[in-house]
Amino acid sequence: MKQTWRWFGPSDQVSIDDICQAGAHGVVSALHHVPSGDVWTPEEIAKRHGEIAVMKDGAPSGLTWDVVESLPVSESIKRQVGPWKDHIEAYKQSLRNLADSGISIVCYNFMPVLDWTRTHLNWRLSNGATCMRFDLTDFVAFDLFILKRDGAAGDYPAEIVADAKQRFDAMSKDRLAELERTVAFGLPGSVENLSLDDLRGLLATYADIDADTLRANLVAFLEEVVPVAREVGIRMCCHPDDPPFALLGLPRIMSTEADYAFIMQAVDIPENGITLCSGSLGVHPENDLPGMMKRHGDRVHFIHLRNTKRESEGLPCSFHEAEHLDGDTDMVALIEQILLEEARRKAAGRSDWNIPMRPDHGHDILDDLGKKGQPGYPAIGRLKGLAELRGAMQALSHGLHRSKSTEAAE
C-alpha cells in the first residue's frame, strides 16, 4: 500500500514537514474552501499541489497529492433539485482539471446533509487519551430535546427515549452547547458549520426523499460522471456512511457490502469503485471487512484503515474510535487481503496495484491533547496508528514472500 496522510491545507495544525517526518509517501487533500457545486479551477488545483511540494524552509518535501478527498457532491445533486444539472457539469469539469494536474483518484460520499456524525470529539479513555465517540443516548437527546425534530420520538424504542430524557435533564449548559456543536459540525475541513436552524431547514428538504429515491439519484450521478472519469483516467471511490445507519430521519444508502455491490452493478465500469473505510463499515455488525476486500478488492481504489468498537448490540448503537489494531475489525486479516489483492493486480500488470491508504481518526495522545486541531486528525495519534499498521504490513509482506519462495522451491 502507498502510505498517505490527510492534510486540510495551510491552516491544518499538522504541517507538510510533520507529514514528511511521519514517513508518509503521499498526501490526501481537497479544496475545502471551494463551495459545493463550483468548479475546481486549474489555478486552485495547482496552488494546492505547490503547497504540498515544499516544506516550511522551501526545501522539496518529496510528497505528491495522490488522492482528492473529497470532491463534494452538492445537496442539489443528491436531491435532483435547483441547479443540479449545472453542478454535475461543474463536477465533470473539476474531474478534467484534476486529471490534467496528475490526480487519478477522487473520493466522494453521498451522505445527505451531514458527513460523519459524533456526540463526543474528545471522549476520555482509561489511559488518558481522548477519542471521538457516538453515544446513542446523547444523540437521541439531541434529536428529541435540542433539535426537536418532528416525529423523532417514533424513530426510537420507548426505553431509549426515556433514557435520553433523563440524560438531557442531567446535562449542564456547557454539555448541551458542546453536543449541539458536535452533532451539527457539518463537513470535516469545510466551511459548512451548521446552526440548528440550518439543520432543520436541510432536513425538511429531504422530507419526500426515501432510500430508493436517494439511491436512484446516486446512480444517475454516477451514470453522468463515471464515463468522464474513465475518459480522463480518474478512479472514483465512494466513502461509506458514517455511522452506517439512519440518522435524523435521513436515508442512508452506502452502509453495507450489498449497497456497494448494487451501485457497482448499476454502473459497471471499473472506475466506479470503493473507498474501503474499515472504521465506518466496521460499525455495522454484518460487514465482514476482510471478506469484502477479498470479494470486491478489484474495485477498491482507496483505503482508510481505522478501527471502531461497538458498545451495544444491534443498530443503531453506541461506538467509539478504537486503536488501529484493536476494535471490531480484524485489522491484520484485512491488511492480508489488501496485500493479496495488490499481488494479484501486480501479476495482472495493472498500473494501480499499489493502493493508497491512510491511517484515519487517531486518538489524541501526548502533545495532541488540548491542541484543538481538526477532530479525529491529531499528529501523534495518527503517527502511532501508521506505525502499528506499517508493522503489520511489513510482517505480512515478509510472510507472503516466504510462502511464495517455499512454493517455488517445492
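Described in the following lines is the structure provided in the data block. What you see is a predicted model, and the numbers here were worked out from it, not measured in a lab.

Each value, and the rule that gives it
- Residues numbered from 1 in each chain as written.
- Predicted model: local features only at pLDDT ≥ 70, side-chain atom pairs only at ≥ 80, totals over all residues.
- Heavy atoms only, no water.
- Salt bridge = Lys/Arg side-chain N within 4 Å of Asp/Glu carboxyl O.
- Helix = DSSP H or I, 4+ residues; strand = E, 2+ residues; numbered from the N terminus.
- Buried < 20%, exposed > 50% of the residue type's maximum accessible area, 1.4 Å probe, protein only.
- Phe/Tyr/Trp six-rings, centres within 6.5 Å; stacked < 30°, edge-to-face > 60°.
- Lys NZ or Arg CZ within 6 Å of the ring centre and 35° of its normal.

**Some remarks on the pattern of salt bridges**
Inspection of the entire model under this criterion finds 37 salt bridges. Ionic pairing is found between Arg167 and Asp135, a salt bridge with its closest N-O pair at 3.3 Å. Here Arg167, found in helix α6 (residues 158-170), pairs with Asp135, found in the loop between β6 (130-134) and α5 (136-146); they are 32 residues apart in sequence, far enough to count as distant. Since its relative accessible area comes to 33%, Arg167 is described here as partly exposed. For Asp135, a relative accessible area of 6% puts it in the buried group. Across the pair Arg175 and Asp138 runs a salt bridge, and its minimum N-O distance is 2.8 Å. Here Arg175 is found in helix α7 (residues 173-183), whereas its partner Asp138 is found in helix α5, with 37 residues between them in sequence. The pair Arg175 / Asp138 is uniform in exposure class, with both members buried.

**What about unusual backbone geometry?**
In this chain, Glu69 is followed by Ser70 through a cis amide linkage whose omega measures 0°. Note that Ser70 resides in the loop between β3 (65-69) and α3 (75-79). Note the cis peptide between Asp242 and Pro243, where omega equals 0°. Tracing the sequence through the fold places Pro243 in the loop between β7 (235-238) and α10 (257-266). Backbone geometry places His361, a non-glycine residue, at a positive phi of 45°. Inspection of the secondary structure assignment puts His361 in the loop between β12 (356-359) and α14 (379-409).

**Quick word on the packing of aromatic side chains**
Overall, the coordinates contain nine aromatic pairs when judged by the stated rule. With 5.0 Å between their ring centres and 75° between their planes, Phe8 and Tyr377 make a pair best called edge-to-face. Taken together, the residues Phe8 in the loop between β1 (2-6) and α1 (16-22) and Tyr377 in the loop between β12 and α14 connect sequence positions 369 residues apart. Residue classification places Phe8 among the buried residues on the basis of a relative accessible area of 8%. The exposure class of Tyr377 is buried, given its relative accessible area of 4%. Taking NZ or CZ as reference, Arg133 lies 4.2 Å from the ring centre of Trp123, over its face. In this structure, Arg215 is placed above the aromatic ring of Phe262, and the distance from its NZ or CZ to the ring centre is 5.8 Å.

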